[in-house]
Amino acid sequence: MNSSDQVWWKSSTVYQIYPRSFCDSNGDGIGDIPGITSKLDHLKTLGVDVVWLSPVYESPNDDNGYDISNYRAIMGEFGTMADFDAMLAGMSERGMALMMDLVVNHTSDEHEWFRQARSSRDNPYHDYYIWQAPVDGREPTNWESAFSGSAWTFNEATGEYYLHMFSPKQPDLNWENPKVRAEVYDLMHFWFKKGVRGFRMDVINLISKPWRADGSLPDAPVVQQGFLQPAFEFEHMDLDSQPGKGKWALKALHLPDLKASLSRWQNGLHGRGWNSLYWNNHDQPRIVSRLGDDGPQYRERSAKMLATCLHLMQGTPYVYQGEELGMTNVAWPDITHYQDIETRNMYRVATQEKGQSPDKVLRSIHAKGRDNARTPMQWTAQAHGGFTTGRPWLAVNKNHDHINAEAALAQPDSVFHHYRQLLALRKQWPVLVHGRYTLLLPAHPHVFAYLRSDEQHSVVVLCNFSGQFQRLPLTELPDLRAAIPLIGNLPFEEWPMAPDTLASWEARAYRLPHTPA
Ligand code: NOJ
């Protein structure tokens, strides 16, 4: 192990909180900061080291906080700066670091910088944003916003278009302007001085625009947008969409594609970079519904299999709130139930402008809509899952009667306790954090198998991504006869002596007794 292997965040696990949906302390139906503080022991029990907090800054909430109107103030619905300080102190007391979500590709159009900028071309803030004159009386380029429609909106006062890669209420900042950079560094220091340990930089890959020497911007090839980001790769999130058609064009996952993609990142970054390991976040559907089986028979088993497959790879694992309970997608009957701006805009364009059938569009929303991740956290079996005593801003999934934190903590073999064991194993076995990764059985259509190894230890991970038992081609695997069980999603007593099959959705990891050459 060299000194760069010793950095604390490599052996850490990050837990992402989407504050609006985590825990409501005052009954207004909206999760808030005191609510988070009240649940820190849940994270401690799980073994979390770092909390990634989705935006809590002042915002008009066009995109649920990803449109910031004041970077140095807390959103009123979430609480006060004193509440924030108390939450941070609570995390420090429990040995957890806080990573804030920082959105600086764009601000809200209600940020004071933009109010000033749009008032006149001579305003000192005008050059904080990206402006272009109309071309032939129209938008200057063909760029489409990630939330449907043109990425340009006309501003009467200056007679120009401004750029917004997301909604018109999210104007893009001009990173070519040194004053913008200085402002961002300054506000980062504001939070660092409070004790925040780091930032998750939202769509940081988008801050650089393809400027031409004459100050104009080129047209883009016509492809559907996605959030693609190098340090936090999104490649494996696109494999169940039809290539080039955007996330809503559904396609069944072909497991060898997933193996190839994740393995490319595992091997490509080994010794050179560091992976973020995730299945879920606030933009993605729930993984057990997406790649597992969220029906009653296999929900828990497949959720544990997916967790095992991910957490034993090289990188820093991320757990998105509720993932540790095996929370599932929702399938609401019509668009009025949905709140997400991306989903609602897509539905309007698809049904009204492109003439697609509402049923077909809803099927895509059920599979991929961001509200799947945003239904409130399920704490108990009580009304609204114990998330709020009021009316939740987004409906709680009905299955909170049996999928909830209280039940999961009480059940020794729950999904929660499986995650807890996985987090603990990474602390116990450095090979799981730093060891080299080797893909096994690359072409197998249903089994994801790999080896982790360092000078002292080897670990074999076997995961069945199907609801049928799978026979293992033993000649293509390391010799498992003397292997020692490390973790699995079936009781060790049920593991066959000769492990030549995997049960439906089964996951098993073994330590090999030998020292590799
Ligand atoms: C990426 C965030 O993850 C997403 O939730 C948000 O809508 C966009 N950036 C715009 O800020």
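None of these values were measured; they are calculated from a predicted model.

Trainee: What exactly am I supposed to notice about the site of the ligand here?
Mentor: In the neighbourhood of the ligand, 13 residues make up the surrounding shell, with Asp63, His106, Asp202, His282 and Asp283 lying closest. Measuring from an oxygen atom of the ligand, one finds a side-chain N or O atom of aspartate 283 at 2.5 Å. Side-chain polar atom of arginine 370 to an oxygen atom of the ligand: 3.0 Å apart, as the coordinates give it. In the complex, the protein chains occlude 100% of the 300 Å² of accessible area that the ligand would expose alone. Of the residues in the shell around the ligand, the class split is four nonpolar, three polar and six charged.

Trainee: Looking at this structure, I do not really get helix α3 (residues 81-93). What am I missing?
Mentor: Within an α-helix, residues lying three or four positions from one another point in the same direction, as the helix has 3.6 residues per turn. Taking 1.5 Å per residue as the helical rise, α3 with its 13 residues ought to reach 18 Å, and the 18 Å between its terminal C-alpha atoms agrees with that figure. Regarding α3, the residues found buried are Phe84, Met87, Leu88, Gly90 and Met91. Looking straight down α3, one finds that the buried residues subtend no more than 155 degrees of arc, so they occupy a single side. For α3, the exposed residues set more than 90 degrees away from the buried face come down to Ala82 and Glu93. Elements in contact with the buried residues of α3: α1 (33-38), α2 (40-46), β2 (50-53), β4 (70-74), β5 (97-102) and α5 (178-194).

Trainee: It is not clear to me how the packing of aromatic side chains should be interpreted in this structure. Could you clarify?
Mentor: Aromatic rings considered in pairs are described by the distance between their centres and by the relative angle of their planes. This model, assessed by the stated rule, comprises 23 aromatic pairs. An angle of 70 degrees between the planes, with centres 4.8 Å apart, marks the rings of tyrosine 125 and tyrosine 128 as edge-to-face. For tyrosine 128, a relative accessible area of 5% corresponds to the buried category. One aromatic cluster in this structure is built from Tyr57, Tyr71, Phe84, Trp113, Tyr125, Tyr128, Phe190 and Trp191. The lysine or arginine in question, arginine 20, covers the ring of tryptophan 393, its NZ or CZ lying 5.6 Å from the ring centre.

Trainee: Would you take a moment to explain helix α9 (residues 341-353) for this structure?
Mentor: With 13 residues, α9 extends 17 Å from end C-alpha to end C-alpha; this agrees with the ideal 18 Å at 1.5 Å per step. When α9 is considered as a whole, its buried residues turn out to be Ile341, Glu342, Thr343, Asn345, Met346, Tyr347, Val349, Ala350 and Thr351. Lining the buried residues of α9 we find α10 (358-368). Capping of α9 at its N-terminal end is provided by aspartate 340; its side-chain oxygen lies 3.2 Å from the backbone amide nitrogen of glutamate 342. Directly beyond the C-terminal end of α9, a positive phi value near 70 degrees is found at glycine 355.

Trainee: It is not clear to me how the packing of helix α8 (residues 299-311) against helix α13 (residues 415-428) should be interpreted in this structure. Could you clarify?
Mentor: The contact between α8 and α13 brings their axes to 9 Å, and the two run at 15 degrees. By the angle between their axes, α8 is roughly parallel relative to α13. In this structure, α8 crosses over α13, and the sense of that crossing is right-handed. Contacts between α8 and α13 involve Glu300, Ala303, Lys304, Ala307, Thr308 and His311 from the first element and Val415, His418, Tyr419, Leu422, Leu423 and Arg426 from the second. When its residues are assigned to classes, the contact of α8 with α13 shows six nonpolar, three polar and three charged.

Trainee: Help me out: how do you make sense of the side chain of asparagine 404 in this one?
Mentor: Mapped onto the fold, asparagine 404 is located in the loop between α11 (371-374) and α12 (405-410). We classify asparagine 404 as buried; its relative accessible area is 4%. A distance of 2.9 Å separates a polar side-chain atom of asparagine 404 from the backbone oxygen of histidine 400. Among the polar contacts listed, one links the side chain of asparagine 404 to the backbone nitrogen of glutamate 406, at a separation of 3.2 Å. In this structure, asparagine 404 is in contact with Leu325, Gln378, Trp379, Thr380 and Ala381, ignoring residues within four places of it in sequence.

Trainee: What am I meant to see in the pairing of strand β8 (residues 160-163) here?
Mentor: A regular strand places its side chains on the two faces of the sheet in alternate fashion. Side-chain alternation along β8 places Glu160 and Tyr162 on one buried face and Tyr161 and Leu163 on a second face that is also buried. Where strand β6 (residues 131-132) lies against β8, two bridges are found, and the strand directions are antiparallel. The partner of glutamine 132 across the bridge, within β8, is tyrosine 161. Looking at chain direction, strand β7 (residues 152-155) and β8 are connected through four bridges and run antiparallel. Note on β8: the bridge partner recorded for asparagine 155 is glutamate 160. Hairpin connection from β7 to β8: four residues lie between these consecutive antiparallel strands, with glycine 159 at a positive phi of about 70 degrees.

Reading the values: the criteria
- Residues numbered from 1 in each chain as written.
- Predicted model: local features only at pLDDT ≥ 70, side-chain atom pairs only at ≥ 80, totals over all residues.
- Heavy atoms only, no water.
- Near = heavy atom within 4 Å.
- Polar contact = N/O pair within 3.5 Å; in protein donor to acceptor, adjacent residues only side chain to side chain.
- Areas by Shrake-Rupley, 256 points an atom, 1.4 Å probe, with all protein chains shown as cover.
- Nonpolar A, V, L, I, M, F, W, Y, C, P; charged D, E, K, R; others polar.
- Helix = DSSP H or I, 4+ residues; strand = E, 2+ residues; numbered from the N terminus.
- Expected span 1.5 Å × (residues − 1).
- Buried < 20%, exposed > 50% of the residue type's maximum accessible area, 1.4 Å probe, protein only.
- Arc of directions from axis to C-beta.
- Contact = heavy atoms within 4.5 Å.
- Phe/Tyr/Trp six-rings, centres within 6.5 Å; stacked < 30°, edge-to-face > 60°.
- Lys NZ or Arg CZ within 6 Å of the ring centre and 35° of its normal.
- Axes fitted to C-alpha atoms, helices over the stretch in contact; angles between N-to-C directions.
- Parallel < 35°, antiparallel > 145°, perpendicular 65-115°, else oblique.
- Left-handed = near helix turned anticlockwise from the far one by under 90°.
- Pairing = 2+ DSSP bridges.

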